[in-house]
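Structural description and commentary
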Amino acid sequence: GSPFADFRPRSAGGFRARGEDHRAKIRVRLEDAFLGAERLIRLEAPTVDAKGRVSTREHSLKVRIPPGIGNGQQIRLAGQGMPGSGGGQAGDLYLEIELEPHPFYKVEGKDIYLTLPITPWEAALGATVSVPTLGGRVDMKIPAGARSEQKLRLKGRGLPGQPAGDQYVV
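The following refers to the structure shown. Every chain begins its residue count from 1, and numbering advances along the sequence as written. It should be noted that, the model being predicted, local features are given only for residues of pLDDT at least 70 and side-chain atom pairs only at 80 or more, the latter also being counted only at that level, while totals for whole chains, interfaces and linings use all residues. To obtain the side-chain values, all non-hydrogen atoms of the structure were included, while hydrogens and water were left out.

Here the focus is the overall build of the chain. Secondary structure counts use DSSP, requiring at least four H or I residues in a row for a helix and at least two E residues in a row for a strand, with both numbered from the N terminus. The helix and strand tally for the chain stands at 2 helices and 11 strands. Put simply, the chain runs from its N terminus to its C terminus through helices and strands in the order β-α-β-β-β-β-β-β-α-β-β-β-β. Over its C-alpha atoms the chain spans a radius of gyration of 26 Å, topping by over 25% the 15 Å that the globule rule assigns to 170 residues. For every residue, the accessible area obtained with a 1.4 Å probe (protein chains only) is divided by the maximum for its type, and the residue is called buried under 20%, exposed over 50%, and partly exposed between those limits. Within the chain, the fraction of its 170 residues that count as buried is 35%. For a compact globule the rule gives 2.2 Å times the number of residues to the power 0.38, and the radius of gyration it is set against comes from C-alpha atoms.

Right, here's the structure in full:
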């Protein structure tokens, strides 16, 4: 037989292709990364009319910021990328997280750093001081003889996760 005996033409539906994925950055406050939040974002979204012409329209999306998300992590919004062709599935939108700088805290991975000024006598004699954390104030014992730039750890007080980050008080 002919090598084309099993060849059947495609259905009249034509070519279907999944739409392209898109990527964008979103700036997030540190407090929202710690607690989680919902944000309303506005996007210029591509649309395809009946004749296959691509144009853009503005639309809004609610985005859930999960607790513990950090710099460089991504949120995937399924079906919010480029539309597919021939009835194909739309691509996805990936939002890359960029944490906004904070006036008091510095973030490294899931850990949070805070510079805490103390008096010379608190450093020399030791003291219990109230320390701000993203989850609220906590009391922390400063050991007698504490040095400038010494790091004290508050376990589990950084960004949430498995495991949670720590807060370092400098």
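Looking now at the pairing of strand β9 (residues 138-142). Only one face of β9 is covered, namely the face carrying Val-138, Met-140 and Ile-142; the face carrying Asp-139 and Lys-141 is uncovered. Only strands joined by at least two bridges in the DSSP assignment are considered to pair. Strand direction decides the pairing type here: strand β8 (residues 127-131) and β9, joined by 5 bridges, are antiparallel. Residue pairing across strands places Ala-127 opposite Ile-142, the latter belonging to β9. With antiparallel pairing between neighbouring strands as the criterion, β8 and β9 make up a hairpin whose turn holds 6 residues, including Gly-136 at a positive phi of roughly 120 degrees.

Below, the discussion takes up the sheet that holds strand β11 (residues 167-169). In a beta sheet, neighbouring strands are held together by backbone hydrogen bonds and run either parallel or antiparallel to one another. Pairing within the open sheet is mixed, and its 4 strands lie in the order β6-β7-β11-β10. Only two strands of the sheet have a single partner each, and these edge strands are β6 (105-108) and β10 (152-154). The mean inter-strand angle of the sheet, taken between neighbouring strand axes irrespective of direction, is 25 degrees. Relative to β11, strand β7 (residues 111-114) is paired through 3 bridges, and the arrangement is parallel. Looking at the pairing, Ile-112 lines up with Gln-167 of β11. Axis definition: a line fitted to C-alpha atoms, over the contacting stretch in the case of helices. Angles run 0 to 180 degrees between N-to-C directions.

This part is about the pattern of salt bridges. Pairing is possible between side chains that carry opposite charge, provided their charged atoms lie close to one another. Basic side-chain nitrogens of Lys or Arg form a salt bridge, by our definition, when they fall within 4 Å of a carboxyl oxygen of Asp or Glu. In total, this model carries 10 salt bridges according to the counting rule given. A salt bridge links Asp-21 to Arg-18; the nearest nitrogen and oxygen atoms lie 3.0 Å apart. Taking the relative accessible area as the measure of exposure, Arg-18 reaches 44% and is therefore partly exposed. The shortest N-O distance in the salt bridge between Glu-31 and Arg-29 comes to 3.7 Å. Residues joined by salt bridges that share partners form a network here, namely Arg-18, Asp-21, Arg-76 and Asp-92.

Only the six-membered ring of Trp is used, alongside the rings of Phe and Tyr, when aromatic pairs are assigned; centres must lie within 6.5 Å, and planes under 30 degrees apart are stacked while those over 60 apart are edge-to-face, with the rest tilted. Applying the stated criterion across every chain yields a total of 1 aromatic pair. Measuring from ring centre to ring centre gives 5.1 Å for Tyr-113 and Tyr-168, while their planes differ by 20 degrees; the resulting arrangement is stacked. Taken together, the residues span a long stretch of sequence, with Tyr-113 in strand β7 and Tyr-168 in strand β11 at a distance of 55 residues. No difference in accessibility class separates Tyr-113 from Tyr-168, as the two residues are buried. Criterion for a charge above a ring: Lys NZ or Arg CZ within 6 Å of the ring centre, and within 35 degrees of the ring normal. Lying over the aromatic face of Tyr-94, Arg-23 brings its terminal NZ or CZ to 4.6 Å of the ring centre. The cationic tip of Lys-106 hangs over the ring face of Tyr-113; the distance from NZ or CZ to the ring centre is 5.6 Å.

The next thing to look at is the environment of Leu-99. Looking at where Leu-99 falls in the secondary structure, it is placed in strand β5 (residues 93-99). Each C-alpha atom of the pair Leu-99 and Leu-43 lies 20 Å from the other, and the pair is 56 residues apart in sequence. Note on definitions: a residue-residue contact is assigned when non-hydrogen atoms from the two residues lie within 4.5 Å. Once you skip the residues sitting within four places of it in the chain, Leu-99 turns out to touch Val-28, Arg-29, Leu-30, Ala-33, Ile-69, Gly-70, Asn-71 and Val-107.

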